[in-house]
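# Descriptive analysis of the structure
Residues per chain are reported as follows:
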Amino acid sequence: MKKRVVVIGAGLCGSVLSTLLRNDFQVTVLEQGKKKKPLFDDVDCDTGELNTSINRAEGLGGTTNYWHNALIELDDKDLGKAGIAPAGFASYYQKAWEFFLSKGELADCNRARDANAASLEGGAATIAHMVLPQTRHNVWNLANDRHPGDKIEVVYGQAQRIVDGGVEVKGSGGSQRLAADYVVACAGGLGTPVVLARSLGQEDGFVPGYHDHPMAYVAKVKLRPGSRLKKVSSTATLSADVRAGLVYDTDDLKTVVYLRPAVDMRLGSIMGPARYILSDLRNDPFSPKKIMMLLGNLEAVREAILFKTRLGFRGDYYSVLILGEQTPLESRGLKMARGKRPSLNWHVTPEELRSYEASVDKFYAEFADEIVERKVVPTASWEFRNAAHHSGTATSFVPAPGDTSKEFFGVTGLPSTYVCDGSLLRAAGIANSGLTLVALTYRLAELMRANA
Ligand SMILES: Cc1cc2nc3c(=O)[nH]c(=O)nc-3n(C[C@H](O)[C@H](O)[C@H](O)COP(=O)(O)OP(=O)(O)OC[C@H]3O[C@@H](n4cnc5c(N)ncnc54)[C@H](O)[C@@H]3O)c2cc1C
């Protein structure tokens, strides 16, 4: 008889994991949302538009119902910071790339990456190689296409706590207990710490270690006509858009600079609540408030169209968008409160801000010959938004073995319980973390199947 696994959460990691385990275990996925829906009220947080823009979601596929599926690897330094030995991890990255792209599609993207690297070689920046497959995948559907097999039971309800022998669940029909030989918490960077803290009797505790990639528009620039920055900022392959971000390191924190097409040098389109309006509306098309905002910032609309159609990459005007690295701090995290919503104190520290500012200056200096005009948003007015890569909040519950052995995923004090989602990441540099999370999921599935 197969052993029973309960996977908590059907988001990015829960979807991939449950489909990878389906033939070797009896798999039950526990998902709190019956329908696809953004989550705005599971945690309190008054910074970073965490509760006013779509930032996490429930339903089969979890947050991937709304994501852009931009894929980037962590570099070796960041993998080291995350406690993942780079050499041993390369084959899992390969599996993760092939989860999203065919071998031919991947080869096209790698050619574009190599051309970008050659064109920027010898400069101060390193390159963030970002691939955006043209199809935005709900990962529950994609994982079931990629890994078909035995039935996965889906139970709708919210995991309350992991107990010896299973999971306590609250659902529309009341409470129940799901029996399990193994439990894997895949409830996301804001869901998993809550379940783990409750399970370990820390309902009033503080869970440290939260980090994300604060993002902000910081300037507009005019490039000289032949600037290589235009080409590296967007290369279309048949199946994907390949973008090179320029990465600068200051005081051991990275900042990545991306260029987005602009209509002119006016700053109105990159300041204020409408600055991400088209992206926000795509996810939430019937919001009257957002439609009004859209009508109030037609410049932002024109620029978003230039970006989406790629037409703008032939022009001379660009907005400068940065994403900054955050490291886990003992003081940044989720404050739990029994019977109430937890609150997140997400913020950008003065040290982080200084590092991002110095890195942006390095970008201006490196490309001084290509930037013919620059209009900056003063640093004090940079409007940081949370980039929805909720990370680090399970790291106080798991040991740090220094490699991805089973201990890497195992929860201290909860036997036969693992974590596999954003909360496990001790570092993510400036990379969108999805590709790394899929790679980690392949690794955990391999370890679990070896014991099945
Ligand atoms: C607009 C947007 C764009 C993004 N773009 C990108 C991108 O381009 N590239 C990238 O890499 N990342 C991107 N992200 C981030 C990416 O979607 C997340 O990092 C990723 O989905 C995290 O995966 P996860 O498995 O940790 O959690 P999630 O995908 O959030 O899944 C968690 C699941 O657990 C469920 N859950 C939570 N608590 C419980 C509970 N107690 N009981 C039962 N179920 C529970 C939730 O309902 C959810 O379905 C984007 C996010 C957003 C919002």
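Details of the structure are given in the entry above.
Keep in mind that what you see is a predicted model, and the values were worked out from it rather than measured.

What counts as what
Residues numbered from 1 in each chain as written. Predicted model: local features only at pLDDT ≥ 70, side-chain atom pairs only at ≥ 80, totals over all residues. Helix = DSSP H or I, 4+ residues; strand = E, 2+ residues; numbered from the N terminus. Buried ≥ 20, exposed ≤ 12 C-beta atoms within 10 Å, placed from the backbone. Contact = placed C-beta atoms within 7 Å. Pairing = 2+ DSSP bridges. Right-handed = clockwise from strand over helix to strand, strands pointing away. Core = buried A, V, L, I, M, F, W, Y, C linked by C-beta atoms within 7 Å. Near = placed C-beta within 6 Å. Axes fitted to C-alpha atoms, helices over the stretch in contact; angles between N-to-C directions. Expected span 1.5 Å × (residues − 1). Arc of directions from axis to C-beta.

## A closer look at the overall build of the protein chain
A count of helices and strands for the protein chain gives 13 helices and 20 strands. A principal-axis box enclosing the C-alpha atoms of the protein chain has dimensions of 70 × 45 × 40 Å. Of all 452 residues assigned to the protein chain, the portion counted as buried reaches 50%. Of the contacts made within the protein chain by residues no fewer than 6 positions apart, 77% connect residues no fewer than 24 positions apart.

## Focus on the sheet that holds strand β11 (residues 206-208)
Overall, antiparallel pairing links the three strands, which are arranged β11-β17-β18 in an open sheet. In the strand order of this sheet, the two ends are held by β11 and β18 (343-344), each with one partner. Across two bridges, strand β17 (residues 333-335) lies against β18 in antiparallel orientation. Bridge pairing links L334 to L344 in β18.

## Remarks on the pairing of strand β1 (residues 4-8)
With four of its five residues buried, β1 lies for the most part within the structure. Two strands pair when backbone bridges link them, and β1 and strand β2 (residues 26-31) are joined in this way by five bridges, in the parallel orientation. When the sheet's bridge partners are listed, V7 is paired in β2 with V29. Viewed along the sheet, the connection from β1 through helix α1 (residues 12-21) into β2 turns out right-handed. Note that β1 and strand β10 (residues 182-185) share four bridges and pair parallel. Of the residues in β10, the one forming a bridge with I8 is A185.

## So, the nonpolar core
Counting residues in hydrophobic clusters, the biggest one holds 120 residues, and the most contacted among them are V7, I8, L17, V184, I322 and C420. A per-element tally of this core places helix α13 (residues 434-450) first, with nine residues. Of all hydrophobic cores here, the second largest spans six residues; its members include I277, A304, L306 and F307.

## Points about the site of the ligand
In the neighbourhood of the ligand, 40 residues make up the surrounding shell, with G9, G11, G62, G191 and G434 lying closest. Looking at the shell around the ligand, the elements with two or more residues in it are α1, β2, β7 (158-163) and α13. Broken down by element, the shell around the ligand gets its largest block of residues, three residues, from α1.

## Regarding the sheet that holds strand β6 (residues 153-156)
Overall, parallel pairing links the five strands, which are arranged β6-β2-β1-β10-β20 in an open sheet. Each having just a single partner strand, β6 and β20 (417-419) make up the two edges of the open sheet. Taken over all neighbouring pairs, the strand axes of this sheet differ in orientation by 20 degrees on average, direction set aside.

## As for helix α11 (residues 350-366)
Counted at 1.5 Å a residue, the expected span for α11 with its 17 residues is 24 Å, and the 24 Å between its end C-alpha atoms agrees. Residues of α11 that are buried: E352, S355, Y356, S359, V360 and F363. For α11, the buried positions fall inside an angular range of 135 degrees around the axis, keeping them on one side. Turned more than 90 degrees away from the buried face of α11 sit P350, E351, D361 and A365, all of them exposed. On its buried side, α11 packs onto β12 (215-223), β14 (240-250), β15 (253-261) and β16 (317-324).

## Observations regarding unusual backbone geometry
Outside of glycine, negative phi angles account for most residues, and trans bonds account for most peptide bonds. Positive phi outside glycine occurs at D252, with the angle close to 65 degrees. Turning to its location among the elements, D252 is positioned in the loop between β14 and β15. In the Ramachandran plot, S416 falls in the positive-phi region, its phi being about 55 degrees despite a non-glycine side chain. Relative to the helices and strands, S416 resides in the loop between α12 (406-409) and β20. On the basis of neighbour counts, which here come to 16 C-beta atoms within 10 Å, the residue S416 falls in the partly exposed class.

## Remarks on the environment of G123
Note on placement: G123 falls in the loop between α4 (103-120) and β5 (126-133). Judged by C-beta crowding, with 12 C-beta atoms within 10 Å, G123 ranks as exposed. Counting along the chain gives 123 residues from G123 to L246, while the straight-line C-alpha distance between them is 10.0 Å.

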